[in-house]
Amino acid sequence: MDAVVIPILVAAIVVVFLVAATVRIVPQARRYNIERFGRYRRTLQPGLNFVLPVADRVNTKLDVREQVYSSEPKPVITEDNLVVNIDTVLYYQITDPRAAAYEVADYLQAIDQLTVTTLRNVIGSMDLEGTLTSREEINARLRAVLDDATGKWGIRVNRVEIKAIDPPNTIKEAMEKQMRAERDKRAAILHAEGERQAKILTAEGTKQKDILEAQGTQQAMILRADGEAKAVELVFQSVHRNNADAKVLAYKYLETLPDLAKSDNNTFWVIPGELTEAVRAVTSAFGDRSAMGLPPEATAQREEGPAEAGAAGTPELDADPTLALDAAAAANEVAKQAAAAVSDAKAEAEAVGEAQLPGRGRASGASDD
């Protein structure tokens, strides 16, 4: 019994071993390279696969999903002889498992070294500022070189990114100072621009204000001149319409004399040369009135006189002393009024001058003493 059971157990174990060695289950997104007696046979796809036990074996197991590889910072010299450390990130995908396993010994190391050499060639033709501001250009050139070189390895480089560019500490300090100075410069420029705009706006506002005030003054002067012109025209028309003679005008001229010294800005007063002519005209006016415009009593006496004289037969030509006295009194009264007006105006002008110039008044008083 035992002699029968033992061979059956051995045969079952052998069958299980053979089945296990024959069946290969490949997970999704995986590829297995199969070698038969040390030679590449085929690549197993995801799912259930059968191989020859003992003869076939799995050489490499590869992941065909997109992979991310981050390299260590590598020193690179720029065109202006500055050493910077550049750290890159590589995104790649295996497209041919056979080539990735048999065309290159270690594709990750190969990609890393190719990235370093390409970076040194690209960065070596740029200065530090160009390196810091041209990342897109560097990424595009790296991707073109890597994609062309790794194509025969069964690898496709999807993207290359520069993760960090670290210049020396001294360069960092100089860059910070330059950045601070640039910001201070922009701040000063903005401040100066604001002040300039404020001054321009203030000047424009002052200009508009002056223009408006000048226009208002101009309009007021024009209106005032129009009013004065119309008033003068009305006075002129009234004078001509009433047929005023020179005697009336001379009398109005004498009435205007006291107003010449009423201004606060007058420090001296000038007596017009026409004053004597005006006085003479008024005097002659009163004289004519005495000779021609007689009082009613005198006129009646003169009219009755000739009649009585005719009746008597001998006319009387006696001079009337009252008429001569009236003309002389009128002339004296006009002269007194004119002299009083002149003296009042002169006294008022002297008072105004002494109030405005106190030193002058004191000096004159001292000289009088």
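Residues numbered from 1 in each chain as written. Predicted model: local features only at pLDDT ≥ 70, side-chain atom pairs only at ≥ 80, totals over all residues. Heavy atoms only, no water.

A. Highlighting helix α5 (residues 135-150). Between its first and last C-alpha, α5 extends 22 Å over 16 residues, near the 22 Å set by a 1.5 Å rise per residue. Packing partners of the buried residues in α5 comprise β8 (83-94), α3 (107-123), α4 (128-133) and β9 (155-166). (Helix = DSSP H or I, 4+ residues; strand = E, 2+ residues; numbered from the N terminus. Expected span 1.5 Å × (residues − 1). Contact = heavy atoms within 4.5 Å.)

B. Region of interest: a positive patch on the surface. Residues K177, R180, R183 and R186 make up a contiguous surface patch of positive charge. Here R183 lies in helix α6 (residues 169-242). (Patch = residues over 30% accessible without salt bridge, like charges linked within 9 Å, V, L, I, M, F, W, Y side chains within 5 Å. Areas by Shrake-Rupley, 256 points an atom, 1.4 Å probe, with all protein chains shown as cover. Salt bridge = Lys/Arg side-chain N within 4 Å of Asp/Glu carboxyl O. Lys, Arg positive; Asp, Glu negative; His and termini not counted. Charge placed at Lys NZ, Arg CZ, Asp CG, Glu CD.)

C. Geometry of a negative patch on the surface. A cluster of acidic side chains, namely E79, D80, D127 and E129, defines a negative patch on the protein surface. Within the secondary structure, E79 sits in the loop between β7 (74-77) and β8.

D. Seen up close, the sheet that holds strand β3 (residues 39-44). In spatial order, the strands read β3-β2-β5; together these three strands make up an open sheet with antiparallel pairing. Each edge of the open sheet carries a strand with a single partner, namely β3 and β5 (56-63). Direction aside, neighbouring strands of the sheet carry axes that sit 25° apart on average. The sheet contact formed by strand β2 (residues 30-36) and β3 spans five bridges and is antiparallel. Following the sheet pairing, N33 is matched in β3 by T43. (Pairing = 2+ DSSP bridges. Axes fitted to C-alpha atoms, helices over the stretch in contact; angles between N-to-C directions.)

E. Quick peek at the packing of α3 against α5. Running from N to C, α3 and α5 cross one another at 140°; their axes reach a closest spacing of 10 Å. Between α3 and α5, the angle is such that the two are oblique. Regarding α3 and α5, the two cross each other, and that crossing is right-handed. Side by side, α3 and α5 meet where I111, L114, T115, T118, L119, V122 and I123 of the first sit next to I138, R141, L142, V145, L146, A149 and T150 of the second. Partitioned by chemical class, the residues of the contact of α3 with α5 number 10 nonpolar, three polar and one charged. (Parallel < 35°, antiparallel > 145°, perpendicular 65-115°, else oblique. Left-handed = near helix turned anticlockwise from the far one by under 90°. Nonpolar A, V, L, I, M, F, W, Y, C, P; charged D, E, K, R; others polar.)

F. A look at the layout of surface pockets. Space inside the second largest pocket adds up to approximately 340 Å³. Lining the second largest pocket are L128, E129, L132, T133, I171, K172, A174, M175, E176, Q178, M179 and E182. When residues of the lining of the second largest pocket are traced back to their parent elements, those giving at least two are α4 and α6. It is α6 that contributes the most residues to the lining of the second largest pocket, eight residues altogether. The residue makeup of the lining of the second largest pocket, split by class, is six nonpolar, two polar and four charged. (1 Å grid on protein atoms, 1.4 Å probe; cavity = no way out; pocket = protein on both sides within 12 Å on 5 of 7 lines; lining within 4 Å. Points joined across faces, edges and corners; volume = space filled by probe spheres on them.)

G. Region of the structure containing the environment of S125. Here S125 lies in the loop between α3 and α4. Through-space distance from the C-alpha of S125 to that of E79 is 5.4 Å; in sequence the pair is 46 residues apart. Here the side chain of S125 touches V122 through a polar contact of 2.8 Å, landing on its backbone oxygen. (Polar contact = N/O pair within 3.5 Å; in protein donor to acceptor, adjacent residues only side chain to side chain.)

H. Region of interest: unusual backbone geometry. Phi angles above zero are rare outside glycine, and A29 is one such case at about 65°. Structurally, A29 can be placed in the loop between β1 (23-26) and β2. Residue classification places A29 among the buried residues on the basis of a relative accessible area of 15%. At V54, a position not held by glycine, the phi torsion is positive, near 70°. Along the chain, the position of V54 falls in the loop between β4 (47-50) and β5. Judged by its relative accessible area of 73%, V54 is exposed. (Buried < 20%, exposed > 50% of the residue type's maximum accessible area, 1.4 Å probe, protein only.)

I. Representation of a nonpolar patch on the surface in the model. Taken together, I6, V10, V14, F17 and L18 make up a surface patch of nonpolar side chains, about 460 Å² in accessible area. One can find V14 in helix α1 (residues 2-22). When its relative accessible area of 41% is taken as the criterion, V14 is described as partly exposed.

J. Geometry of the side chain of D56. If you trace the backbone, D56 turns up in strand β5. The class of D56 is buried, set by a relative accessible area of 6%. Here the side chain of D56 touches R36 through a polar contact of 2.5 Å, side chain to side chain. Setting aside its immediate chain neighbours within four residues, D56 contacts I34, E35, R36 and V51.

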